[in-house]
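Chain and residue survey
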Amino acid sequence: MAVLDVQNLKLSFGETTLFEGVSFDVKEKEKVGLIGCNGAGKTSLFKLITGEYQPTDGACFISKNARLGYMEQHTCSENKTVYNELISVFYDLIEMEKELEELSHNITNGIGDRQNNIERQDLLNHIFTRDGGLTYQSRTRAALVGLGFSEKDFDMPTANLSGGQKSKLILAKLLLSKADFLLLDEPTNHLDLNALEWLEGFLKDFSGACLIISHDRYFLDRLTTKTIEIENKKCLCYSGNYSDFLKKKEARQKAIEDKYENDMKEIERIEGIIAQQRQWNREKSIKKAESEEKRLEKLKAQVVVPDSKVARIRFDFTPKYISGEEVLNAFELSKSFKDKKVFENASFQIRRNERVFLLGENGCGKTTLLKILMKDYSADSGYFSFGANVFTGYFDQVQAKLDLSKTVIEEIWSTFPSMNETSVRSALAAFLFKGDDVFKNLSDCSGGERARVALLKLMLGKYNFLLLDEPTNHLDAFSREELENTLLEYSGTMLIVSHDRYFINKLATRILELDKDGVTEYIGNYDEYMERKSLLASPVVAQAVQKEKKPNEYQLKKERASALRKAKTRLSKCEQEIEEAENETASIEEKMLSADYETLMELTNALDELNNKKEALYAEWETLSEQLTEADS
């Protein structure tokens, strides 16, 4: 039986049609994914289902037995604690519990009609137990802890919560409500990996139906059995999860395109026959032409034209230079803010072409560590060094380095002034900024638009080491696919912070898990990481690994001394190469004084390459000098 039946739905705003002909259903206990690029109309469809919007045509029917639940119907009071706000979802059970306590008191003390009190107590006990009265407090605590609230957060006033924490609390209220048909719009936003795992477990056990808008493809793969896509103003349903949808959509598109191509060839052939028969102008040939025309009309009527391709971001991160084999060495980095220790003893190494992901709970210091590597923050102790010829590009998840006083085109042009207007606008078009969009002020741009500008700057920089902090945030599922496929082909090195498990699974060659005590290394992708963690959860295995991992102080000192020796040797070599480059520069400049035009062009190009080389050498010399100074102090 269907809890939702959507029939021939159309939604227009003025002359703009968002979608039309949308039909699908959601059955009891069914978990359905709703996907589409940003702006396709997914959230608007939700508002039609809830009645907030009225359709231009068509209708939505919700089963009279279904209890609909969605985020917008839940809010947070400003005068309650976190725990009291969430437990208020169980208002009926709380009131029932109070009445049961009062009845028990009255029966014990002979107050009122004893028989009526006992009958009322029996009835309420049955309802209270049936509706979860014995477990509502433990469910409240489990939901808060599962979604990332600590025990000390329970007594925090809701007025003090951040936007992300309020969103998690509202999600918790929705999940614990009596609803048996949930509309979930990006429920995984603001959740770390532990909270995501908890939410998945909760929804798997949820006995009702769910319609889920999400860009989290791993989440959809784990939960959904049907996928609905809105694209090109139309809606199509596919059985299976997100990965199944991708395969079926590709096969369907290929079949449509192949049939269209064959139909067009056949139409062209028949039109040739008709023209030839008409040219002969005989009675028999005219009848033949008329017969072929009827056949042509039938064929044209059944031709299905393939949908136009939806515009996708086109990435290209090809680096300008190849780095050395050793890209980054970090040793015993630590960071605290006032009295709060974020992490300590963070040691790791990254080599060329690795795709390393940095994971950990929210607040463990992942972004802080990236900012230390970019020298936005300084470490309290420890040191790090980049290898030879490493050029680092950084994607900040909040785009703090964008100048919001500029337009989109000004931000790109001011960063890359040597590009001409045609090149800048072509690059922006590849990132879906077309026409007047390029003159939009960054202060007026959405989070997704700013993320696209930041990614474009990163791409144009041609870096060989990418530090990416939540790069898939604000990107729809299809743009994430494009980014993944590009990074799989990228010939440089990556260190990435992400909660996107599909992204991690597809790209990771190694995972570094950060906590307050340092870094733990896992080889492989997300599934292999979770399998390893599950294995380590066994007390016997964990004890064996702990013995095996007992730190060897002598070995650590030996490795540190070796790293310092290499740094000193490289510093000396660096100084020698700088001197040679300066001598070569002087020689070229002297030759340019008497050179003809063609030779002058060749010498100018050689001088440009030499200047780039010197710039890289000076940057490396500065990094090595700082490293050695810190080690001596």
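About the criteria used
- Residues numbered from 1 in each chain as written.
- Predicted model: local features only at pLDDT ≥ 70, side-chain atom pairs only at ≥ 80, totals over all residues.
- Heavy atoms only, no water.
- Helix = DSSP H or I, 4+ residues; strand = E, 2+ residues; numbered from the N terminus.
- Buried < 20%, exposed > 50% of the residue type's maximum accessible area, 1.4 Å probe, protein only.
- Contact = heavy atoms within 4.5 Å.
- Areas by Shrake-Rupley, 256 points an atom, 1.4 Å probe, with all protein chains shown as cover.
- Polar contact = N/O pair within 3.5 Å; in protein donor to acceptor, adjacent residues only side chain to side chain.
- 1 Å grid on protein atoms, 1.4 Å probe; cavity = no way out; pocket = protein on both sides within 12 Å on 5 of 7 lines; lining within 4 Å.
- Points joined across faces, edges and corners; volume = space filled by probe spheres on them.
- Nonpolar A, V, L, I, M, F, W, Y, C, P; charged D, E, K, R; others polar.
- Salt bridge = Lys/Arg side-chain N within 4 Å of Asp/Glu carboxyl O.

**Re the overall build of the protein**
Across its full length, the protein carries 20 helices and 18 strands. Over its C-alpha atoms, taken along the principal directions, the protein stretches across nearly 115 × 100 × 50 Å. For the protein, buried positions account for 44% of its 633 residues. Here the contacts in the protein between residues at least 6 apart in sequence split such that 69% fall between residues at least 24 apart. Just so you have it, the protein exposes about 33500 Å², and 49% of that area is on carbon and sulfur atoms.

**Section: the side chain of Glu 513**
Along the chain, Glu 513 turns up in strand E17 (residues 510-515). A distance of 2.6 Å separates polar atoms of two side chains, one belonging to Glu 513 and the other to Tyr 529. For Glu 513, the contacting residues outside a window of four places in its chain are Leu 359, Gly 518, Val 519, Thr 520, Tyr 522, Tyr 529 and Lys 533.

**Some remarks on empty space enclosed by the protein**
Taken as a whole and assessed by the stated rule, the structure comprises one cavity of 30 Å³ or more. As a volume, the largest cavity reaches approximately 90 Å³. What lines the largest cavity is simply Thr 43, Phe 46, Lys 47, Thr 50, Glu 52, Tyr 70, Met 71, Glu 72, Leu 183 and Asp 185. Elements with a minimum of two residues in the lining of the largest cavity: helix H1 (42-50) and strand E6 (181-185). Counted by class, the lining of the largest cavity contains four nonpolar, two polar and four charged residues.

**A short note on the side chain of Asn 241**
Topologically, Asn 241 is positioned in the loop between strand E9 (234-239) and helix H9 (242-280). A polar atom in the side chain of Asn 241 sits 3.3 Å from the backbone nitrogen of Ser 243. Other than its neighbours up to four places away in sequence, Asn 241 contacts Leu 220, Asp 221, Thr 224 and Thr 227.

**Here's the deal with the layout of surface pockets**
As a volume, the second largest pocket reaches approximately 1200 Å³. Along the wall of the second largest pocket there are 47 residues; nearest its centre are Asn 189, His 190, Gln 397, Glu 470 and Asn 473. Where the lining of the second largest pocket is concerned, the elements lending two or more residues are H1, helix H6 (163-176), strand E11 (340-351), helix H11 (366-373) and helix H14 (447-460). Ranked by residues supplied to the lining of the second largest pocket, first place goes to H11 with four residues.

**Let's talk about the pattern of salt bridges**
Overall, the coordinates contain 45 salt bridges when judged by the stated rule. Note that Arg 67 and Asp 180 form a salt bridge whose closest N and O atoms lie 3.7 Å from each other. Taken together, the positions of Arg 67 in the loop between strand E4 (57-62) and strand E5 (68-70) and Asp 180 in the loop between H6 and E6 put the pair 113 residues apart, joining distant regions of the chain. Looking at Asp 180, the relative accessible area reads 23%, which means it is partly exposed. Arg 269 is the partner of Glu 266 in a salt bridge, and the nearest nitrogen-oxygen pair spans 2.9 Å. A residue pair is termed a helical-turn pair when its members lie 3 or 4 positions apart in one helix, as Glu 266 and Arg 269 do in helix H9 at three residues. Classification of Arg 269 as partly exposed rests on a relative accessible area of 41%. Three or more residues are tied together by salt bridges with common partners; here these are Arg 217, Arg 480, Glu 481, Glu 484, Asp 500 and Lys 506.

Keep in mind these values describe shape, not function.
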